[in-house]
Protein chains: 2
Amino acid sequence: MLTYTLSDQKEPLYQNLARHIRQDIQAGKLRKTEKLPSKRALARNLGVSTITVENAYGQLMEEGYLYALPKRGYYVSDLTDLEKVNRRAAASEARESVIQKEEEPGEDCFDFSSGRTGTANFPFSVWSKMMREVLSEKENELLRVSPCGGVWDLRSAIADHLASFRGMSVHPGQIVVGAGTEYLYGLLIQLLGHDKIYCVENPGYPKLRKIYESNQAACVLADLDGSGMRIDQLEQAGADVAHISPTHHFPTGIAMPISRRYSLLAWANEKSGRYIIEDDYDSEFRRKRRPLPTLQSIDAGGKVIYLNTFSRSLTSTIRISYMVLPVSLAERFYRELSFYSCTVSTFEQYALAAFIHQGYFERHINRMRLYYKRKRASVLEAFADELKDGRYEIVEHDSGLHFLIRLKTEKSDEEIQRELAEKNIRILSVRDFEMREPKRSSHLFLCNDANLDLEQLPEALRKLNRVLS
Amino acid sequence: MLTYTLSDQKEPLYQNLARHIRQDIQAGKLRKTEKLPSKRALARNLGVSTITVENAYGQLMEEGYLYALPKRGYYVSDLTDLEKVNRRAAASEARESVIQKEEEPGEDCFDFSSGRTGTANFPFSVWSKMMREVLSEKENELLRVSPCGGVWDLRSAIADHLASFRGMSVHPGQIVVGAGTEYLYGLLIQLLGHDKIYCVENPGYPKLRKIYESNQAACVLADLDGSGMRIDQLEQAGADVAHISPTHHFPTGIAMPISRRYSLLAWANEKSGRYIIEDDYDSEFRRKRRPLPTLQSIDAGGKVIYLNTFSRSLTSTIRISYMVLPVSLAERFYRELSFYSCTVSTFEQYALAAFIHQGYFERHINRMRLYYKRKRASVLEAFADELKDGRYEIVEHDSGLHFLIRLKTEKSDEEIQRELAEKNIRILSVRDFEMREPKRSSHLFLCNDANLDLEQLPEALRKLNRVLS
């Protein structure tokens, strides 16, 4: 007779019993076509009610572990493939593998090049206020499913922002909101075609190439000259789509002059199917005067796809990005890809829309610009105080978020990095963003000052000074 | 001499001037190599300060529209490609295209088959409380970038939920959180390979096939028998990956019995590279007893990828889904795809983690189950009241969210739908989910009762009655 110790946990008794029997079947202790005790007999044996056994048997019949023959009783099903699966289990138990909780990388390491956006200035109280407002005022809207391109409120707010901030004339219907630019790149590959050849900047973000390759799209490289992506290389590589960051190239900081912009547009206009992806990721934090006009705003041929993100301008923990499609591509998007649901929760879409509409976003950007300006001054002061003259030169580009340091040294970039790493300091060089061999030592190193710890900076610079001497 | 009316908007004066000059260059009014007036002359002419003109010229030089010759003055740049772009503009102006604000589809139409989840019961006040708690207590955590798989708090909460609710033993490191299952399918294709053959259920969600095809992955179909996906068809199609919803197939409602589950696992174990994607999308709302055990929980060979979503169990406006990867695939995920950022904001991840940890999720599900049960009773009562006996049969599957109606009629499914559409009623038949020809009339129609308007239902049923007679 089956005998189990039924536990009195929060699980109902019949489920507890069913689980014991199920485990015995799975383990092969109860074998196929074996007859089970009658409900009454088992109930008596276990000291439970007949109903409990009946429910347990019922559950197991529904699951397919048992079958009943009228007037005869309950039997174990013939699960022909169970044994195969169990044999497999025994074999694979030998292999042990544990996925550890991922550690925060190098918490105690001073990182000159950390890519994180400074978030200490995120306007928590205002954001909470927006969230509360949205939760109390937008109940009906929140319950409606977001259109695939994003809720209209947010897209209108973005269109207004682009008009006042970037002089761009954009219809909200051209805007597609998504959970991060990486997600939008994936959508773009589906929209433009996996058969297209995508060209990225070299040096540039290695992640971009990974995304294209991971999506099985051909990805080629074009080097930069002083004006940005070289069009001869774009043509030689047979590219269909040029993926660029003309406002502020990362990491070199190049801002593409207007003549190259027109040349790129002319390149795109030469053939149908050619497009330019314009990533305008940190234009908000340009330091001098107004940012350069976007390619999108001087594009008359419907060739430019403009992308930007709030993860950079607000905080990297908010995953809201958007793209502006040329009208013809926007139409194709709604025709071919509108089966996709929007990847951003309506809560956050409405909260961000309110944040922009009520002027908080502009205020936040202005405050951050001032903050980054002051931060830059302090960082440069520390450099001047700690590093010996003639050993370095600051290549100060126009972004408030990072600059380059040219080190005057005989050592290679790798030697510098290795010696600093021994002192628990991390720094990236432009060389690290080159994606083909041979890589040369650039002696240009990246300083993401936006997020540097000013207290630890002098000590880190003294260490750098020792490495240079 | 250049003469402009400078407006006194909030834009600085020099920017206003720069914009006028820029427009003239773009329009070809100022031509290449043309000399501009001296700063002093233009300043006098426009009645502004010399500094204003200097700043405007400086801005335009930076942008590349102007160049300066020492001691001679300012000239319009030779933007060789400007003309080409402008010609293109003139040509494309002829074409006008407007993207309209998408309308909510058929607001006034009674829809028996609307796929939206009932959201009227979403626990707004509790969710707001969680949000407020997170905003005030988790400030530090919110500022940290989420690991690519999601924040640990949420993954632990999900693991606990799966253990208590589904009897699944899952390490949080196996869980990957993403903005919707559709997004996760895209990731899975990248993880398992674009060269794999993916097999979906027929009938089934047409969207699934669209996602595979849009990602350039081969997608084949396997028909169902009474136990779910037919393994002979899976084999004939040469599939590598079987994508199924065994707990509750949509739309037929089939729950896969345990014997077929083992057979599918045996199929997957036969060859390396074979996998099963188990979409467990509405298991929370099974009405009778406990849900069937998941394939994931009886999988010993590391072959099952389990997916579920909170968009269904909480509200469709929240975009949080997750997948549970077998250990070996989880390791591959972190090795190959960890360059992707998590697509869900940390705000919502921590809010959901708290919502689960504090027991609100379980309470919500229990309340919703009761709600759906009562709703079902009312809906069936309306059917009994309004429809003539013998004209219909309710095929009541185990889900609280929808059931099927078998209509006893000579008319084809399409005829029924057309006649109802004329009365402003929408209903889907199982036939609509068949993905290959020839499609037969099933006479089985889908009723998503979870979201039906009980007030309008009797009138809609009377119309249905007239169509049937």
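Residues numbered from 1 in each chain as written. Chains lettered and ligands numbered in written order. Predicted model: local features only at pLDDT ≥ 70, side-chain atom pairs only at ≥ 80, totals over all residues. Heavy atoms only, no water.

1. Observations concerning the overall build of chain A
Then, in step 1: Helix and strand counts for chain A come out as 18 helices and 16 strands.
Then, in step 2: Whereas a compact globule of 469 residues would reach a radius of gyration of roughly 23 Å, chain A reaches 31 Å, over 25% beyond that.
Then, in step 3: Seen through its C-alpha atoms, chain A measures out along the principal axes to roughly 95 × 55 × 50 Å.
Then, in step 4: When contacts within chain A are restricted to residue pairs at least 6 apart in sequence, those whose partners lie at least 24 apart make up 70%. (Helix = DSSP H or I, 4+ residues; strand = E, 2+ residues; numbered from the N terminus. Rg over C-alpha atoms; globule rule 2.2 N^0.38 Å. Contact = heavy atoms within 4.5 Å.)

2. A word on the interface of chain A and chain B
Then, in step 1: Contacts between chain A and chain B engage 99 residues on the former and 99 residues on the latter.
Then, in step 2: Taken together, the connections running from chain A to chain B amount to 0 salt bridges.
Then, in step 3: Linking chain A with chain B are 16 residue pairs in polar contact (both at pLDDT 80 or more), by the criterion used here.
Then, in step 4: Per element, the largest residue contribution to the side of chain A that touches chain B is 8 residues, and it comes from helix α11 (residues 258–270) of chain A.
Then, in step 5: For the side of chain A that touches chain B, a count of residues per class yields 41 nonpolar, 30 polar and 28 charged. (Salt bridge = Lys/Arg side-chain N within 4 Å of Asp/Glu carboxyl O. Polar contact = N/O pair within 3.5 Å; in protein donor to acceptor, adjacent residues only side chain to side chain. Nonpolar A, V, L, I, M, F, W, Y, C, P; charged D, E, K, R; others polar.)

3. A short note on the domain arrangement of chain A
Then, in step 1: Domains assigned within chain A are domain 1 (13–94), domain 2 (110–117 + 367–468) and domain 3 (124–363).
Then, in step 2: Put simply, the middle of domain 1 of chain A and the middle of domain 3 of chain A, counted by C-alpha atoms, are 57 Å apart. (Domains from an automatic or database assignment.)

4. Quick word on the relation of the copies chain A and chain B
Then, in step 1: Here chain A sits on chain B after a turn of 180° about the axis and a move of 0.1 Å along it, with an RMSD of 0.1 Å. On this basis, the relationship between the two copies can be described by a two-fold rotation axis. (Least-squares fit on C-alpha atoms with pLDDT ≥ 70 in both.)

5. Things to note about unusual backbone geometry
Then, in step 1: Following N202 of chain A, the chain continues to P203 of chain A via a peptide bond in cis, the omega torsion being 0°.
Then, in step 2: For Q216 of chain B, which is not glycine, the phi dihedral falls at a positive 60°.
Then, in step 3: Secondary-structure assignment places Q216 of chain B in the loop between α9 (206–214) and β6 (218–225).
Then, in step 4: For H443 of chain B, which is not a glycine, the phi torsion comes out positive at approximately 60°.
Then, in step 5: For H443 of chain B, the location among the structural elements is in the loop between β15 (428–429) and β16 (444–447).

6. A closer look at the sheet that holds β16 of chain B
The pairing of strands in a sheet happens through backbone hydrogen bonds and is either parallel or antiparallel.
Residue and element names in this part refer to chain B.
Then, in step 1: Overall, antiparallel pairing links the 4 strands, which are arranged β12-β13-β16-β15 in an open sheet. Here the strands that pair on one side only, and so sit at the sheet edges, are β12 (392–395) and β15.
Then, in step 2: As paired strands, β12 and strand β13 (residues 403–407) are joined by 4 bridges and run antiparallel to one another. Residue pairing in the sheet places E393 in a bridge with R406 of β13. (Pairing = 2+ DSSP bridges.)

7. Quick notes on the environment of Y67 of chain A
All names here are of chain A.
Then, in step 1: For Y67, the location among the structural elements is in strand β1 (residues 66–69).
Then, in step 2: Taking relative accessible area as the criterion, Y67 reaches 29% and is therefore assigned partly exposed.
Then, in step 3: Separated by 244 residues in the primary sequence, Y67 and S311 place their C-alpha atoms 56 Å from one another.
Then, in step 4: If we ignore the near neighbours within four places in the chain, the residues touching Y67 are T33, M61, G73, Y74, Y75, V76 and S77. (Buried < 20%, exposed > 50% of the residue type's maximum accessible area, 1.4 Å probe, protein only.)

8. Some thoughts on the sheet that holds strand β13 (residues 403–407) of chain A
All names here are of chain A.
Then, in step 1: Spatially, 4 strands are ordered β12-β13-β16-β15 in an open sheet, and the strand pairing comes out antiparallel. Of all strands in the sheet, those with a lone pairing partner are β12 (392–395) and β15 (428–429), marking the two edges.
Then, in step 2: The strands touched by helix α16 (residues 360–386) are β12, β13 and β16 (444–447); relative to β13, the strand with the most contacts, the crossing angle is about 10°. (Axes fitted to C-alpha atoms, helices over the stretch in contact; angles between N-to-C directions.)

9. Some words on the pattern of salt bridges
All names here are of chain B.
Then, in step 1: Tallied over the entire structure, the rule returns 35 salt bridges over all chains.
Then, in step 2: In this structure, the salt-bridge partner of R274 is E270, at a minimum N-O distance of 3.4 Å.
Then, in step 3: Under the relative-accessibility criterion, R274 is labelled buried at 8%.
Then, in step 4: For E270, a relative accessible area of 48% translates into the label partly exposed.

10. A few points about the side chain of D280 of chain A
Residue and element names in this part refer to chain A.
Then, in step 1: Counting through the fold element by element, D280 comes out in the loop between β9 (275–279) and α12 (295–298).
Then, in step 2: The class for D280 is buried, based on a relative accessible area of 1%.
Then, in step 3: Polar side-chain contacts of D280 include one of 2.5 Å to the side chain of Y306.
Then, in step 4: Ignoring any residue separated from it by four or fewer positions in sequence, one finds D280 in contact with R166, T247, T294, Y306, L307 and N308.

11. Topic: the pairing of strand β10 (residues 304–309) of chain B
All names here are of chain B.
Then, in step 1: Across the 6 residues of β10, 6 count as buried, placing the element largely inside the fold.
Then, in step 2: Residues of β10 alternate between two faces, with V304, Y306 and N308 on one and I305, L307 and T309 on the opposite face, all of them buried.
Then, in step 3: Bridge count for strand β9 (residues 275–279) against β10 is 4 bridges, and the pairing is parallel. Counterpart to D279 in the pairing with β10 is L307.
Then, in step 4: In the sheet, β10 pairs with strand β11 (residues 321–324) via 4 bridges, with the strands oriented antiparallel. Each residue of the ladder has a partner; that of T309, found in β11, is S321.

12. Re the nonpolar core
Then, in step 1: Counting 92 residues, the largest nonpolar core has W127 of chain A together with W127 of chain B as its most contacted members.
Then, in step 2: Setting aside its immediate chain neighbours within four residues, W127 of chain B contacts L135 and F347 of chain A together with F122, L314, I318, E348, A351, L352 and F355 of chain B.
Then, in step 3: With 66 residues, the next largest nonpolar core counts Y185, Y212 and M435 of chain A together with Y334 of chain B among its residues. (Core = buried A, V, L, I, M, F, W, Y, C linked by side-chain atoms within 4.5 Å.)

13. What to know about α16 of chain A
Then, in step 1: For α16 of chain A, built from 27 residues, the straight-helix expectation of 39 Å at 1.5 Å per residue is met to within 8% by its first-to-last C-alpha distance of 38 Å.
Then, in step 2: For α16 of chain A, the complete set of buried residues consists of Y360, F361, H364, I365, M368, Y372, K375, R376, V379, A382 and F383 of chain A. (Expected span 1.5 Å × (residues − 1).)

14. Here's the deal with the packing of aromatic side chains
Then, in step 1: Tallying each qualifying case throughout the model produces 39 aromatic pairs over all chains.
Then, in step 2: Clustering of aromatic rings is evident, with ring pairs tying together W127, Y306, F310, Y322, F355, Y360 and F361 of chain A together with F347 of chain B.
Then, in step 3: Over the ring of Y275 of chain A we find K303 of chain A, and its NZ or CZ is 5.1 Å from the ring centre. (Phe/Tyr/Trp six-rings, centres within 6.5 Å; stacked < 30°, edge-to-face > 60°. Lys NZ or Arg CZ within 6 Å of the ring centre and 35° of its normal.)

15. Details of the environment of P326 of chain A
Residues and elements named next belong to chain A.
Then, in step 1: For P326, the position within the fold is in the loop between β11 (321–324) and α14 (327–336).
Then, in step 2: The spacing of P326 and G301 is 25 residues in sequence and 8.6 Å in space, taken between C-alpha atoms.
Then, in step 3: Once residues lying within four places of it in the same chain are set aside, the contact partners of P326 are Q174, G302, K303, V304 and I305.

16. Structural notes on a positive patch on the surface
Then, in step 1: There is a patch of like positive charges on the surface, built from K129, R132 and R363 of chain A together with K129, R132 and R363 of chain B.
Then, in step 2: Of all the secondary-structure elements, those providing two or more residues to the positive patch are α5 (124–137) of chain A together with α5 (124–137) of chain B.
Then, in step 3: Looking at where R132 of chain A falls in the secondary structure, it is placed in helix α5. (Patch = residues over 30% accessible without salt bridge, like charges linked within 9 Å, V, L, I, M, F, W, Y side chains within 5 Å. Areas by Shrake-Rupley, 256 points an atom, 1.4 Å probe, with all protein chains shown as cover. Lys, Arg positive; Asp, Glu negative; His and termini not counted. Charge placed at Lys NZ, Arg CZ, Asp CG, Glu CD.)

17. Some words on the side chain of D279 of chain A
Residues and elements named next belong to chain A.
Then, in step 1: Tracing the backbone through its elements, the reader meets D279 in strand β9.
Then, in step 2: Judged by its relative accessible area of 13%, D279 falls in the buried class.
Then, in step 3: There is a polar contact of 3.1 Å between the side chain of D279 and the backbone nitrogen of Y281.
Then, in step 4: Setting aside residues up to four positions removed in sequence, D279 forms contacts with Y185, H243, I244, S245, P246 and L307.

18. Topic: the pairing of β16 of chain A
All names here are of chain A.
Then, in step 1: Here β16 shows two buried faces, one formed by L444 and L446 and the other by F445 and C447.
Then, in step 2: Both β13 and β16 contribute to a ladder of 4 bridges, which runs antiparallel. If you follow F403 over to β16, its bridge partner there is C447.
Then, in step 3: Two strands pair when backbone bridges link them, and β15 and β16 are joined in this way by 2 bridges, in the antiparallel orientation. When the bridges of β16 are listed, L428 appears paired with L446.

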